[in-house]
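# Architecture and fold: a report
This is what each chain is made of:
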Amino acid sequence: MAPTIPTLKLNSGADMPQVGFGLWKVDNGICADVVYNAIKTGYRLLDGACDYGNEKECGEGVARAIKDGLVKREELFIVSKLWPTFQDPEQVAPVVKKQLADWQIDHFDLYLMHFPGALKFVDPSVRYPPGWHYDGKSQIVKSKTTIQETWRAMESLVDQGLTKAIGVSNFQAQLLYDMLRYAPTLQVEHHPYLVQQELINLVKSEGIQMTAYSTFGPASFLEFHFKHAEKLVPLMQDPTVLSIAVKHDKKPSQVLLRWVTQRGIAVIPKSTNPEFMAENLACCTFDLDEEDIKQITAKDANIRFNQPHNYFETDKMWIFG
Ligand SMILES: NC(=O)c1ccc[n+]([C@@H]2O[C@H](COP(=O)([O-])OP(=O)(O)OC[C@H]3O[C@@H](n4cnc5c(N)ncnc54)[C@H](OP(=O)(O)O)[C@@H]3O)[C@@H](O)[C@H]2O)c1
């Protein structure tokens, strides 16, 4: 039987499952099956994005799961994201409608601004998903749209019933302070090598719900051959994590996810392996000791993986500068 998943209350009043399923880098060829299996395993939150290039296949997996009676639409919590090239206010609703059509649903449960820093619009008929570069190769072309203008357009998505809640991703404290009165939810990279304690303190004190991505740290970035990811001890082989896992008779991956969830933060691990999928979902079925949490937190090294200049040479995109 699938484990019970705790929920976190969003500012919108909605309950968000604290453990969800990540969809980045799930290949198109297997994505519908992976989504179907994730739902069958017991996942209810699915974390997608235009940029992942697999929303159509995600939709196929969801449609099949609903058709087969595994789940009802209202039991799912579907998250998607607005790519920077769609941040001009007039582009927001059209792209959300396209994304919803891909998912074969009529609303998202949560829709996030994927990154701050609006980029010049690229028409979906030219390239979709558009990626970072205006010419599809190397050119970064900014848009003059402000975050507030994009946010207003996102608020109107809620009014139109296209999403139940809205939030931001990859925003840091300075921008969040500016946005506080909009009461967003926040999705950021968070693992023992990038703790960002001050950001966590801020979201806790302001009642913003936070979701951690890439919770296994370097694991997700080895396929890009990032040198700094390859040099680090994989978190699932870290001696501290391993000894805590042995103590609780759990997997190192479950310890890493529990370290996040026990501090009131949501997780969205991605795995195409059915065994890992089930283990990850069961990460809230035990408790770490305070001392375990302290020891893992002490690994903080302020190392970030998911930032544009790790993927391509640029003198323009410094989102976390
Ligand atoms: N907002 C953003 O900008 C942003 C950025 C990055 C990610 N995200 C979201 O966060 C989700 C999770 O982050 P992520 O995909 O970067 O990384 P992650 O979930 O930390 O790690 C995924 C990697 O760990 C492996 N893995 C998963 N569970 C495992 C287990 N129990 N034991 C051993 N290995 C395991 C997976 O391989 P296998 O598939 O082979 O098992 C994959 O290589 C994404 O899928 C996406 O939805 C959002």
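Residues numbered from 1 in each chain as written. Predicted model: local features only at pLDDT ≥ 70, side-chain atom pairs only at ≥ 80, totals over all residues.

The name given to the protein in an unreviewed UniProt entry is NADP-dependent oxidoreductase domain-containing protein, and the organism recorded there is Apiospora hydei.

### What about the sheet that holds strand β3 (residues 21–22)?
Heads up, the condition is: For two strands to be treated as a pair, DSSP must find at least two bridges joining them. Segments assigned H or I by DSSP are reported as helices when at least four residues long, segments assigned E as strands when at least two residues long, and all are numbered from the N terminus.
Strand order across the open sheet formed by eight strands is β3-β4-β5-β6-β7-β8-β9-β10, with parallel pairing between neighbours. Edge strands, defined here as strands with exactly one partner in the open sheet, are β3 and β10 (266–267). Sheet topology places strand β5 (residues 77–82) next to strand β6 (residues 110–113); four bridges connect them, and they run parallel. Across the sheet, the residue bridging to Lys81 is Leu112, located in β6.

### Looking at helix α2 (residues 55–67)
How we decide: One fewer than the residue count of a helix, multiplied by 1.5 Å, yields its expected span. Remark: C-beta atoms are placed from the backbone, and a residue is labelled buried if 20 or more other C-beta atoms sit within 10 Å of its own, exposed if 12 or fewer do, or partly exposed between those counts. A pair of residues counts as a contact when their C-beta atoms, built from backbone coordinates, are within 7 Å of each other.
A rise of 1.5 Å per residue sets the reference length of α2, with its 13 residues, at 18 Å; its end C-alpha atoms lie 18 Å apart and thus fit the reference within 8%. Every buried residue of α2 is accounted for by Glu55, Glu57, Cys58, Gly59, Gly61, Val62 and Ala65. Where the residues of α2 are buried, they touch α1 (28–41), β4 (45–47), β5 and α3 (89–103). Just past α2, the residue Gly69 takes up positive phi, approximately 80°.

### Let's talk about the packing of helix α8 (residues 239–248) against helix α9 (residues 252–261)
Applicable threshold: To define axes, lines are fitted to C-alpha atoms, for helices over the stretch in contact only, and angles between the resulting N-to-C directions are given on a 0 to 180 degree scale. Just so you know how the angles are binned, under 35 degrees is roughly parallel, over 145 roughly antiparallel, 65 to 115 roughly perpendicular, and the rest oblique.
Across the interface, α8 lies against α9 with an axial gap of 8 Å and an inter-helix angle of 100°. The pairing of α8 with α9 is recorded here as roughly perpendicular in orientation. Contacts between α8 and α9 pair Val241, Leu242, Ile244 and Ala245 from the former with Pro252, Val255 and Leu256 from the latter.

### Remarks on the site of the ligand
Applicable threshold: Only the C-beta atom matters for nearness: placed from the backbone, it must lie within 6 Å of the molecule or strand for the residue to count as near. Gly counts as polar in this scheme, as do all residues outside two lists: the nonpolar Ala, Val, Leu, Ile, Met, Phe, Trp, Tyr, Cys and Pro, and the charged Asp, Glu, Lys and Arg.
Lining the immediate surroundings of the ligand are 26 residues, of which Gly22, Tyr213, Ser220, Ser253 and Lys270 lie closest. Ranked by residues supplied to the shell around the ligand, first place goes to helix α10 (residues 274–281) with three residues. When grouped by side-chain class, the residues that make up the shell around the ligand number nine nonpolar, 14 polar and three charged.

### Here's the deal with the nonpolar core
Put simply, the rule is: Residues enter a nonpolar core if they are buried, belong to Ala, Val, Leu, Ile, Met, Phe, Trp, Tyr or Cys, and are joined to the set through C-beta atoms within 7 Å.
Val35, Leu45, Leu46, Val79, Val92, Tyr111 and Ala212 are the most contacted members of the largest nonpolar core, which totals 77 residues. Counting residues per element, this core draws most heavily on α1, which supplies six residues. Discounting chain neighbours no more than four positions away, the residues touching Val92 are Leu82, Phe86, Thr150, Ala153, Met154 and Leu157.

### Topic: the environment of Ser138
Among the secondary structure elements, Ser138 is positioned in the loop between β6 and α4 (147–159). As for Ser138 and Cys284, which are separated by 146 residues in sequence, their C-alpha atoms are 43 Å apart.

### Topic: the pairing of strand β8 (residues 186–189)
The side-chain alternation of β8 yields two buried faces, one formed by Leu186 and Val188 and the other by Gln187 and Glu189. Sheet analysis places strand β7 (residues 166–169) next to β8, joined by two bridges and oriented parallel. In the strand pairing of β8, Ser169 is matched with Gln187. Across four bridges, the pairing between β8 and strand β9 (residues 210–213) is parallel.

### A look at unusual backbone geometry
Pro129 follows Tyr128 through a cis peptide bond whose omega is -5°. Structurally, Pro129 can be placed in the loop between β6 and α4. Positioned with a positive phi, Gln104 is a non-glycine residue whose angle comes to about 60°. The topology assignment puts Gln104 in the loop between α3 and β6.

### Examining the environment of Asn170
Along the chain, Asn170 falls in the loop between β7 and α5 (173–179). For the pair Asn170 and Leu112, spaced 58 residues apart in sequence, the C-alpha separation works out to 9.9 Å.

### Structural notes on the environment of Tyr128
Considering the arrangement of structural elements, one finds Tyr128 in the loop between β6 and α4. With 17 C-beta atoms counted inside 10 Å, the residue Tyr128 sits in the partly exposed group. In this structure the C-alpha to C-alpha distance between Tyr128 and Glu189, which are 61 residues apart in sequence, comes to 25 Å.

### Some points on the pairing of β6
Which entries qualify depends on this criterion: Orienting the strands away from the viewer, one traces the path from the first strand over the helix to the second; a clockwise path indicates a right-handed crossover.
Covered by surrounding structure in β6 are Leu110 and Leu112 together with Tyr111 and Met113, the residues of both alternating faces. Pairing between β6 and β7: three bridges, direction parallel. Its bridge partner being in β7, Tyr111 is matched across the sheet by Ile166. Handedness of the β6-α4-β7 crossover: right-handed.

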